[in-house]
Amino acid sequence: MISAVQWEKQAQADRETIFRYLYREAGLLVASATDDKFTRMASLLSENPRAGTKVGTEKQYKLVVPRFPFIIVYVAETDGVRILRVLHTSRKISGHYQR
């Protein structure tokens, strides 16, 4: 069953900040490839909402983005997936995935 995926405002802001930083530091190719990977990971979550590892509450998960230093923090609900944050793995994240 395919679930709807919704990017919360903070997750959208994270994604835009990452894109701008990578564009400035590494160029359009790297920034676009990273953003495309986020899109593919969201597609994976639409097909398998529990693909990540549980964190926080019983509905919260984190999904490691393979070969990229990012995790996607999301909530899997009966009506779909809500992506809460996109965070760099070097950040201390425990307080960043609260609703």
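What counts and how
Residues numbered from 1 in each chain as written. Predicted model: local features only at pLDDT ≥ 70, side-chain atom pairs only at ≥ 80, totals over all residues. Heavy atoms only, no water. Helix = DSSP H or I, 4+ residues; strand = E, 2+ residues; numbered from the N terminus. Buried < 20%, exposed > 50% of the residue type's maximum accessible area, 1.4 Å probe, protein only. Contact = heavy atoms within 4.5 Å. Areas by Shrake-Rupley, 256 points an atom, 1.4 Å probe, with all protein chains shown as cover. Pairing = 2+ DSSP bridges. Axes fitted to C-alpha atoms, helices over the stretch in contact; angles between N-to-C directions. Expected span 1.5 Å × (residues − 1). Arc of directions from axis to C-beta. Salt bridge = Lys/Arg side-chain N within 4 Å of Asp/Glu carboxyl O. Phe/Tyr/Trp six-rings, centres within 6.5 Å; stacked < 30°, edge-to-face > 60°.

Participant: Could you give an account of the overall build of the protein, naming the residues involved and the relevant values?
Facilitator: Within the protein, the secondary structure is distributed over two helices and five strands. Among the 99 residues that make up the protein, the fraction classed as buried is 39%. Contacts in the protein between residues at least 24 apart in sequence constitute 43% of all its contacts with a sequence separation of at least 6. Accessible surface, the protein as shown: approximately 6,100 Å² in total, 52% of it carbon and sulfur.

Participant: Can you explain the sheet that holds strand E2 (residues 53-54)? Please cite residues and give values.
Facilitator: Sheet architecture is open: five strands sit in the order E1-E5-E4-E3-E2, paired in mixed fashion. At either margin of the open sheet sits one strand with a lone partner, and together these are strand E1 (5-7) and E2. One ladder, built from six bridges, connects strand E3 (residues 60-65) with strand E4 (residues 70-77); its direction is antiparallel. Paired with Val64 across the strands is Ile71, a residue of E4. Seen against the sheet, helix H1 (residues 9-26) touches E1, E4 and strand E5 (80-88) and runs at an angle of roughly 40° to E5.

Participant: Now, about H1: what can you tell me, with residues and values included?
Facilitator: Helix length check: H1 (18 residues) gives 25 Å between terminal C-alpha atoms against 26 Å at 1.5 Å per residue, within 8%. Listed as buried for H1 are Ala11, Asp14, Arg15, Ile18 and Leu22. Down the axis of H1, the smallest arc covering the buried residues is 95°, so these residues share one side. The exposed set on the far side of H1, more than 90 degrees from its buried face, consists of Lys9, Arg20 and Arg24.

Participant: Break down the pattern of salt bridges for me, with residues and values.
Facilitator: Inspection of the entire model under this criterion finds six salt bridges. Across the pair Arg85 and Asp14 runs a salt bridge whose closest N-O atoms are separated by 2.7 Å. One end of the pair, Arg85, is in strand E5; the other, Asp14, is in helix H1, and 71 residues separate them in sequence. Taking relative accessible area as the criterion, Arg85 reaches 12% and is therefore assigned buried. The class of Asp14 is buried, set by a relative accessible area of 8%.

Participant: How would you summarise the environment of Val86 if you had to cite specific residues and measurements?
Facilitator: If you trace the backbone, Val86 turns up in strand E5. A C-alpha to C-alpha distance of 8.9 Å links Val86 and Ala13, two positions 73 residues apart in sequence. Non-local contacts of Val86, meaning those with residues more than four positions away in its chain, are made with Trp7, Ala11, Asp14, Ile18, Phe38, Phe70, Ile71 and Ile72.

Participant: Could you give an account of the packing of aromatic side chains, naming the residues involved and the relevant values?
Facilitator: For the structure on display, the rule yields three aromatic pairs. Judged by centre distance (5.4 Å) and plane angle (85°), the rings of Phe38 and Phe70 are edge-to-face. In this pair, Phe38 sits in helix H2 (residues 28-47) while Phe70 sits in strand E4, placing the two residues 32 residues apart along the sequence. Between the aromatic rings of Tyr61 and Tyr74, the centroid separation amounts to 5.4 Å while the plane-to-plane angle is 15°, which identifies the pairing as stacked. Within this pair, whereas Tyr61 is found in strand E3, its partner Tyr74 is found in strand E4, the two being separated by 13 residues in sequence. The residues Tyr61 and Tyr74 share a single accessibility class, namely buried.

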